[in-house]
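Summary of the model geometry
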Amino acid sequence: MEDTAQRLAKVEAGIAAAAARAGRKPGEVQLIAVSKTQEAVSIRPLIAAGQRHFGENRVQEAADKWPALRAETPGITLHLIGQLQSNKAEEAVALFDAIHSVDRPSLVQALARACAKAGRQPQLFVQVNIGDEEQKGGCGVADLPALLAEATEAGLKIEGLMAIPPADVSPTPYFALLDELAERHALPLRSMGMSGDYGSAVILGATHVRVGTALFGTRA
Ligand SMILES: *Cc1c(COP(=O)(O)O)cnc(C)c1O
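The following paragraphs examine the structure supplied in this document. Not measured: the values here are computed from a predicted model.

**Here we look at unusual backbone geometry**
Its identity is not glycine, yet T37 carries a phi of approximately 70 degrees, on the positive side. Locating T37 in the fold gives a position in the loop between strand 1 (30-34) and helix 2 (40-48). The phi dihedral of A186 falls on the positive side, at around 55 degrees, and the residue is not glycine. You can see A186 is positioned in the loop between helix 7 (172-184) and strand 8 (189-191).

Pasting the structure below:
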């Protein structure tokens, strides 16, 4: 069985190879290790191997796990990649360095209030429902311009877009569309690509890939 350091090296090599194919530098892509459902005992070896960027999908779980892990190792950045309820906006702003799931006007308003109160703003991504799937989170493609305008008006700086493409079909057209939307709105960051497809995401412009299973093994 591979150990954690070997898995990390393999993912980093995959990112570097994809970046090279696209004429990009590997340093342009940030690897976010998705540690949702993982206990501290599984996360520590990855930190020991040098990984510093982590992603969680729930505020409460992150608040339970990360203060202690952060106290052990300086320089950890924490990314919220799951849906955020407006009533958790303050807690999320206090805990996370980046929020990838800004997806509706009420959340924009809640985050604007929370950031003003805290005097800081995490890096923000608008999550786009890139396949316009009925049950999926994220802002509809057609609603993106209005949501971005609302964020600007509320004093929030949006730096990028995030998407989870539809399952069971090739993700590449969706990665290309997210890249195009980001370009159109002059947003520098693209959060796209997971364990099964981070290579093609990097080729198509990802600046942040969110990888869980390929680093930690299958989730329970
Ligand atoms: C769980 C999750 C990931 C990681 O998925 P893997 O297939 O385990 O790499 C990435 N992004 C989001 C939003 C997730 O919820």
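**What about the packing of helix 5 (residues 105-118) against helix 6 (residues 144-153)?**
Their axes nearest at 10 Å, the elements helix 5 and helix 6 cross at an angle of 20 degrees. One element, helix 5, and the other, helix 6, form an angle in the roughly parallel class. Note on packing geometry: the crossing formed by helix 5 with helix 6 is right-handed. Where helix 5 abuts helix 6, its residues P105, V108 and Q109 lie against L147, E150 and A151.

**Examining helix 7**
A rise of 1.5 Å per residue sets the reference length of helix 7, with its 13 residues, at 18 Å; its end C-alpha atoms lie 18 Å apart and thus fit the reference within 8%. Here helix 7 has its buried residues at F175, L178, L181 and A182. Buried residues of helix 7, viewed axially, fall in a sector of 125 degrees; they line one side. Away from its buried face by more than 90 degrees, helix 7 exposes P173, E183 and R184. Looking at the packing, one finds that the buried side of helix 7 touches strand 5 (123-129), helix 6, strand 7 (158-162), strand 8 and helix 8 (198-203).

**Topic: the site of the ligand**
In the vicinity of the ligand, the contacting residues are V34, K36, I81, I164, M194, S195, R210, V211, G212, T213 and R219. At 2.8 Å from an oxygen atom of the ligand is found a main-chain nitrogen or oxygen belonging to G212. Compared with its free state, where it exposes 390 Å², the ligand has 87% of that area covered by protein. Looking at the shell around the ligand, its residues break down into 5 nonpolar, 3 polar and 3 charged.

**Here's the deal with the pairing of strand 9 (residues 208-211)**
In strand 9, alternate side chains face the same way, and those of H208 and R210 on one face and V209 and V211 on the other are all buried. When strand 1 meets strand 9, the two strands line up parallel, connected through 4 bridges. Within strand 9, the residue paired with I32 across the bridge is R210.

**Digging into the pairing of strand 1**
In terms of residue burial, strand 1 counts as a mostly covered element, since 4 of its 5 residues are buried. Judged from the 2 bridges that link them, strand 1 and strand 2 (residues 53-56) form a sheet pairing that is parallel. Residue pairing for strand 2: A33 is matched across the bridge by F54. Viewed along the sheet, the connection from strand 1 through helix 2 into strand 2 turns out right-handed.

**Section: the packing of helix 2 against helix 3 (residues 59-72)**
Where helix 2 contacts helix 3, the two axes come as close as 11 Å, and the packing angle between them is 35 degrees. As for the relative orientation of helix 2 and helix 3, their crossing is right-handed in sense. Listed contacts from helix 3 to A40, I43, R44 and I47 of helix 2 are K65, W66, L69 and E72. In terms of residue class, the contact of helix 2 with helix 3 is made up of 5 nonpolar, no polar and 3 charged.

**Quick look at the environment of S191**
You can see S191 is positioned in strand 8. We classify S191 as buried; its relative accessible area is 0%. Aside from chain neighbours lying at most four places away, what touches S191 is H100, F125, L161, M162, A163, L178, H208 and R210.

**So, helix 2**
The set of residues buried in helix 2 consists of I43, L46 and I47. One face of helix 2 carries all of its buried residues, which in axial projection span an arc of 100 degrees. Set apart from the buried face of helix 2 by more than 90 degrees, the exposed residues are V41 and A48. Packing partners of the buried residues in helix 2 comprise helix 1 (4-21), strand 1, strand 2, helix 3 and helix 9 (213-216). Positive backbone phi, at 110 degrees, marks G50, one or two positions downstream of helix 2.

The rules behind each value
- Residues numbered from 1 in each chain as written.
- Predicted model: local features only at pLDDT ≥ 70, side-chain atom pairs only at ≥ 80, totals over all residues.
- Heavy atoms only, no water.
- Helix = DSSP H or I, 4+ residues; strand = E, 2+ residues; numbered from the N terminus.
- Axes fitted to C-alpha atoms, helices over the stretch in contact; angles between N-to-C directions.
- Parallel < 35°, antiparallel > 145°, perpendicular 65-115°, else oblique.
- Left-handed = near helix turned anticlockwise from the far one by under 90°.
- Contact = heavy atoms within 4.5 Å.
- Expected span 1.5 Å × (residues − 1).
- Buried < 20%, exposed > 50% of the residue type's maximum accessible area, 1.4 Å probe, protein only.
- Arc of directions from axis to C-beta.
- Near = heavy atom within 4 Å.
- Polar contact = N/O pair within 3.5 Å; in protein donor to acceptor, adjacent residues only side chain to side chain.
- Areas by Shrake-Rupley, 256 points an atom, 1.4 Å probe, with all protein chains shown as cover.
- Nonpolar A, V, L, I, M, F, W, Y, C, P; charged D, E, K, R; others polar.
- Pairing = 2+ DSSP bridges.
- Right-handed = clockwise from strand over helix to strand, strands pointing away.

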